[in-house]
Amino acid sequence: MNDLTRRGFLFLSTATATLALSGTPAAGGPGRIWSSRPARSARPMVRWWWPDAHVDPAEIRREVDQLAAAGFGGAEIAAVHHSIRDKSVLDPAGHGWGTPAWNAAVEAALDQAARRGIRIDLTIGPSWPAAVPSITPDSPAAVKELAHGSVTVAAGATYAGAAPPPAVPPGEGVTERKLLLVQAARIEPAHSTGDETGLDPASVREVPVTGQNVTWTAPADGEWVLISYWERGSGQRPESGPHTAPEAYVVDHFSAAGTQAVIDHWESELLTPATRRLLKKAGGALFEDSIEIETDALPWTPGLLEEFGRRRGHPLAPLLPVVLLAEEDPVFAYEAAMTRHARKDYWDTISELFNEHHFAGLRDWAHSLGLKLRAQPYGLRTDAIAAAAVLDIPEGESLGFKNLDDYRCLAGGRDLAGHELLSSEAGAYAGGAYTTTWTRLLTTMGGAYAAGLNQTVLHGFSYASAPGAAWPGFAAFTPYDGTAGYAESWGPRQPTWHHVSDISGYLARVHEVLREGVPRADVAVLRQTGYTKTGIGASWFTGDGIPTGWTHQFVSGPLLDLPAARVSGGRLAPSGPAYKALFVEGDKFYAAEPTMTVPVAGRLLEYARAGLPIVLLGAWESASVPGLPRDGENERLRELVAALLAEPTVRMVAGQADVPGALASLGVRPDVRYAAPSTLLTLRRSAGKIDYYYLCNGKHVENPKPPVAPIDHDVTLARADRHGVPYLLDPWTGRAERIALYTEEPDGIRLRVALRPGQARIVAIARAGLFGDRTGRLPHATATDADRALYTGGDLSIRAAKAGAYTTTLSTGRTVTTAVGEVPPPVELSSWRLRVEDWQPGATPTQTSKVIHELDLDTLAPWAELPGLADVSGIGTYTTTVDLDGPAYLELGEVTDTCRVRVNGRRLDPVDQLHPIVDLGPHVRRGPNTIEVEVATPLGNRLRVADPDVYGGLKRQPYGLKGPVRLVPYGEGRVRP
């Protein structure tokens, strides 16, 4: 900032309801403690990467201590070593996943975690997807595929010979295959699309097979194709193995047999008596990463033909040609709509089997061990929204999720099922190893919290060393293909770890608030196909609704059968999200067709008759069922839709632009409102008569163009308690301060919000005095020409950067004039003594040598521009002495990466790392004052010269305190009502 204008002060304010509070309370009276020591259960976790069991139990205990001391609440142990390219240095037989050495290390981790009060999660298998070494690729429990072979037969010609062999060769280790059937179909060029050969569905017929031989004569009406279907294992193994000896193979995720193979291996090989006992003390959850079932054919499971017929009401065999995949692409096609519906039926069946057999089975078994099941329920074409309701803890990821709607899909399943947590694999930036800043991570995750996330699992924390690792130690994902890999190996090897308890405390307080009470969302968006990790949002709401204050979540058909999915008082799920309206549009994943199952249509009709507003976008008079219809099914659906459209609480609109008008006509308004489109993202939670609002200045997508800019505008927040008053809860410091400047409206409170890009704050609306303040029912300010209004010591005061008489209007209607005496002008601090602790490779890959540099500066600049610091990473301490006559703000300007401030030897409260401005008022004295700013950096600049073969391509970063750093004095005056 330049001159300290009123706008400048808005960015600092708390009691003005401007949400860029500095880390320290106002000089007139300290803010009340809201959450000084967040609960361990709310603290962030890390992915803890082990190079299989090449670990020392003593080091394991030491690393548990490091995590606990840094304010983390848990760790997920995962066998991951993508960075080790020469796998011969590993010993899967003696030190692989699930060996006695692995079990001993897990026991050490659990035992030390129990001592330190943190929890340990365990991955369901080595790396991902779920796999065990007790099966082979041909085992009944192993992952399966359906491969096809084909041959063209001319009209009237005879084919005699072996059934066409699979077009896609088998995976390594696959030795068995089973011929399910052979079909013939007439080629219909009119149905061909791109690489898909068109077929006539009426012509499809089964061809007799003798052993594995076929003799068949084509009819005389056109060209035909013979198609063979082969069931076999895919031979898929977990990522970056081998992790075991014998090698593990991925299990069938669509059958009870695959799940039982996982359970049996754990019960026989991993759950030692000591491990079982320790899991009761320190165990958290079993975890499965995203479901990356990789096959060059069609995902399959034995018995699928029978399951499909039972679930869909018609046979799968006639549809097999158009659901086939080869090299991930479809092979044949019928008429477009029929093809689409057939594929929908297939994937819906796979989805149901996956959620029922895999997730539900693993969840129930985890519960028998006293654990929860956490998983990333996407990667396949399955209903991740429904899966999120099955899981105890659904998880997303900042790397793969293309926008915030991907989180909102999982949040809908979580909230309708009544679960508490939505987790995220956070900060896996491609190429970000040793260059990722905490400010980047905070900016990334800020928007995700507004989408419902309330558990953060950092990616990640690497075990100290491994065979062949170079300084600064083993890192699971770097090097990656010979260069800098995925971020980030957080831990004591990083200079910023020196400040990490400030970050972990911030995250924990955000988590705490986002677990309070129950969630609230304005609208439920009904998805016919519940995919996530797609980046596909909701019509109108994503593009236009969010920027004007609307909030939404996604639900899918299976969620409407949950006990919470009822309507009362015009709200859907009144004990949970309490959606004010339901929005339905065409299936985004199947040509935007207006499709709906008959049971879902019946449920929507019940909702409308119970008073729930419903808006349908599109031509729903001609709705059809999502898959191939049974006899009379489409007619029954259209009868229900016609009855639905006749209800007074229902609107059907033709275009997106009509959606807000339809909502207004139904009396539906968002909980948060502001006049013009904004990048403000919001989330509301309610605990009885207390409302909590999480507010973040972010964007629906990461790295938006144009980039996010600062915001500064009024916001109206709905409140459950009409007598409630607003508080600012600072997640950096744990302090609560009552907001002193706002306007009461009939349905809420209007206040001013100013946030820098990525910055977040929390507003609570509750009865006066709830957070220990002594303001009672004191009047508040509704307007002032001072820089800010605030409560200090139980009084209402104003603060300004210039002397003068300031006018304040009170909630009583009175107008009061308050004098502020002489205030010194702002001053830029340019002269500093800089002491840098330069981190360099030590004698071993895990040792760091720290070389000291000292400089006198008469201007601030990045280390890369200072003598001797061009490629330095480490910790720098900037010291200066200034004379002060009264309180002042310290503006740090630009800092890379983390920082802390000390005044006269006293360390101040944590600094907001995204907007580092500190109120020095309570800590300065008249006369000389010593100010110290400690800055910690990533390791990238050092590694680019210490290990140039891997990191030499990194761009030199501008580390350090770059400023400008300013002291901005202020004066105060009491407002006498």
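Conventions used here
Residues numbered from 1 in each chain as written. Predicted model: local features only at pLDDT ≥ 70, side-chain atom pairs only at ≥ 80, totals over all residues. Heavy atoms only, no water. Pairing = 2+ DSSP bridges. Helix = DSSP H or I, 4+ residues; strand = E, 2+ residues; numbered from the N terminus. Axes fitted to C-alpha atoms, helices over the stretch in contact; angles between N-to-C directions. Salt bridge = Lys/Arg side-chain N within 4 Å of Asp/Glu carboxyl O. Buried < 20%, exposed > 50% of the residue type's maximum accessible area, 1.4 Å probe, protein only. Expected span 1.5 Å × (residues − 1). Arc of directions from axis to C-beta. Contact = heavy atoms within 4.5 Å. Core = buried A, V, L, I, M, F, W, Y, C linked by side-chain atoms within 4.5 Å. Polar contact = N/O pair within 3.5 Å; in protein donor to acceptor, adjacent residues only side chain to side chain. 1 Å grid on protein atoms, 1.4 Å probe; cavity = no way out; pocket = protein on both sides within 12 Å on 5 of 7 lines; lining within 4 Å. Points joined across faces, edges and corners; volume = space filled by probe spheres on them. Disulfide = S-S within 2.5 Å. Left-handed = near helix turned anticlockwise from the far one by under 90°. Nonpolar A, V, L, I, M, F, W, Y, C, P; charged D, E, K, R; others polar. Lys, Arg positive; Asp, Glu negative; His and termini not counted. Parallel < 35°, antiparallel > 145°, perpendicular 65-115°, else oblique. Right-handed = clockwise from strand over helix to strand, strands pointing away.

Caption draft 1: Spatial organisation of the sheet that holds strand β57 (residues 971-974). Pairing in this open sheet of three strands is antiparallel, and the strands run β41-β42-β57 from one edge to the other. Each of the sheet's edge strands pairs with one partner strand only, and the pair in question is β41 (788-792) and β57. Ignoring strand direction, the axes of neighbouring strands in this sheet form an average angle of 35 degrees.

Caption draft 2: Region of the structure containing the sheet that holds strand β46 (residues 832-841). Pairing in this open sheet of six strands is antiparallel, and the strands run β47-β46-β48-β54-β51-β52 from one edge to the other. Only two strands of the sheet have a single partner each, and these edge strands are β47 (848-857) and β52 (906-907). Alignment of strand β51 (residues 898-903) against strand β54 (residues 927-936), held across six bridges, turns out to be antiparallel. Opposite R902, over in β54, you have E932 as the bridge partner.

Caption draft 3: Quick look at the pattern of salt bridges. Scanning the entire structure with this criterion turns up 61 salt bridges. With a closest N to O distance of 2.7 Å, E395 and R47 form a salt bridge. Here E395 is found in strand β20 (residues 393-397), whereas its partner R47 is found in strand β2 (residues 45-50), with 348 residues between them in sequence. Overall, E395 belongs to the buried group, its relative accessible area being 0%. Given a relative accessible area of 3%, R47 falls into the buried group. Between R232 and E145 there is a salt bridge, and its shortest N-O distance comes to 2.6 Å. With a gap of 87 residues between them, R232 in strand β12 (residues 224-233) and E145 in strand β6 (residues 144-153) connect regions that are remote in the sequence. Residue R232 shares its accessibility class with E145, and that shared class is buried. Connected via shared salt-bridge partners are E307, R310, R311, R312, D345, E352 and E356.

Caption draft 4: Layout of helix α16 (residues 633-645). Given a rise of 1.5 Å per residue, 13 residues ought to cover 18 Å, and the 18 Å separating the end C-alpha atoms of α16 matches this to within 8%. Taken together, the buried positions of α16 are occupied by N634, L637, L640, V641 and L644. For α16, the buried positions fall inside an angular range of 125 degrees around the axis, keeping them on one side. At its buried positions, α16 is contacted by α15 (598-609), β29 (614-617) and β30 (650-653).

Caption draft 5: Representation of the nonpolar core within the structure. The biggest cluster of nonpolar side chains holds 177 residues, and the ones touching the most others in it are W48, W50, W266, Y694 and L729. Considering every element that reaches this core, the biggest residue donor is helix α9 (residues 336-368), with eleven residues. If sequence neighbours within four positions are ignored, L729 has contacts with W34, V513, Y692, R735, A736, I762, A764 and F771.

Caption draft 6: Fine view of the side chain of D712. Secondary-structure assignment places D712 in strand β34 (residues 711-718). Among the polar contacts made by the side chain of D712, one reaches the side chain of R752 at a distance of 2.9 Å.

Caption draft 7: Helix α2 (residues 57-69), seen in detail. An ideal rise of 1.5 Å per residue puts 18 Å on 13 residues; α2 measures up with 18 Å between its terminal C-alpha atoms. Among all positions of α2, only E59, I60, E63, V64, Q66, L67 and A68 are buried. Summarising the contacts, the buried residues of α2 are in contact with β2, β3 (74-79), α4 (100-116) and β22 (455-462). Where α2 ends, the next residue or the one after it, G71, has phi of about 90 degrees, a positive value.

Caption draft 8: Layout of empty space enclosed by the protein. This structure, assessed with the given rule, holds five cavities of 30 Å³ or more. Of the voids in this model, the largest cavity is the one considered here, and its volume is about 190 Å³. Along the walls of the largest cavity sit 21 residues, with A450, T551, H552, T682 and L683 positioned nearest its centre. Per element, the largest residue contribution to the lining of the largest cavity is six residues, and it comes from strand β32 (residues 680-687). If you add up the space inside the second largest cavity, you get close to 70 Å³. Counting only elements with at least two residues in the lining of the second largest cavity, the list comes to α4, β4 (119-123) and α5 (256-270).

Caption draft 9: Structural detail: the state of the cysteines. Per the stated rule, a full pass over the model turns up zero disulfides. Just so you know, C696 is unpaired, no disulfide at all, and the nearest cysteine sulfur is the one on C899, 19 Å from it. Under the relative-accessibility criterion, C696 is labelled buried at 1%.

Caption draft 10: Here's a closer look at unusual backbone geometry. The residue after H459, namely G460, is reached through a cis peptide bond having omega 0 degrees. For G460, the location among the structural elements is in strand β22. For the peptide bond that leads from W471 to P472, omega is 10 degrees, which places it in the cis range. Position of P472 among the secondary structure elements: in the loop between β22 and α13 (500-513). Here the phi dihedral of D52 falls at roughly 55 degrees; this positive angle occurs in a residue that is not glycine.

Caption draft 11: Summary view of the packing of α2 against α4. Across the interface, α2 lies against α4 with an axial gap of 9 Å and an inter-helix angle of 35 degrees. Remark: the crossing between α2 and α4 carries right-handed chirality. Together, P57, I60, R61, V64, D65, A68 and A69 of α2 and A105, A108, A109, D111, Q112, A113, R115 and R116 of α4 make up the contact between the two elements. A breakdown of the residues in the contact of α2 with α4 according to their chemical character gives nine nonpolar, one polar and five charged.

Caption draft 12: Examining the side chain of R43 more closely. When you line up the elements, R43 lands in the loop between β1 (32-33) and β2. There is no salt bridge for the buried R43, and the closest opposite charge comes from E512, which lies 7.7 Å off by N-O distance. A distance of 3.1 Å separates the side chain of R43 from the backbone oxygen of G71, its partner in a polar contact. R43 has contacts with R37, P38, G71, F72, G73, S504, G505, A508 and H511, leaving out every residue within four places of it along the chain.

Caption draft 13: Broad picture of the environment of R761. Within the secondary structure, R761 sits in strand β39 (residues 760-766). Owing to a relative accessible area of 0%, R761 belongs among the buried residues under this scheme. Linking R761 and L729, residues 32 residues apart in sequence, is a C-alpha distance of 7.1 Å. Separated by 2.9 Å, the side chains of R761 and D912 make a polar contact.

Caption draft 14: Region of the structure containing the packing of helix α12 (residues 438-450) against α13. For the pair α12 and α13, interaxial distance at closest approach is 12 Å and the crossing angle is 0 degrees. Between α12 and α13, the interaxial angle falls into the category roughly parallel. In contact with W438, L442 and Y449 of α12, α13 contributes V500, I503, Y506, L507, V510 and H511. Residue composition of the contact of α12 with α13, by class: eight nonpolar, one polar and no charged.

Caption draft 15: Structural detail: the layout of surface pockets. Looking at the largest pocket, its volume works out to about 970 Å³. Each residue belonging to the lining of the largest pocket can be placed in one class, and the counts come to 17 nonpolar, twelve polar and 15 charged.

Caption draft 16: Fine view of the environment of G570. Turning to its location among the elements, G570 is positioned in the loop between β26 (567-568) and β27 (571-572). Residues G570 and K580, ten residues apart in the sequence, show an inter-C-alpha distance of 6.9 Å. Leave out the neighbours within four places in its chain, and G570 touches Y579, K580, A610, G611, L612 and P613.

Caption draft 17: Seen up close, the pairing of β30. Of the pairings in the sheet, the one linking β29 to β30 comprises four bridges and is parallel in character. Counterpart to L616 in the pairing with β30 is M652. Once the chain exits β29 it traverses α16 before rejoining the sheet at β30, and the crossover so formed is right-handed.

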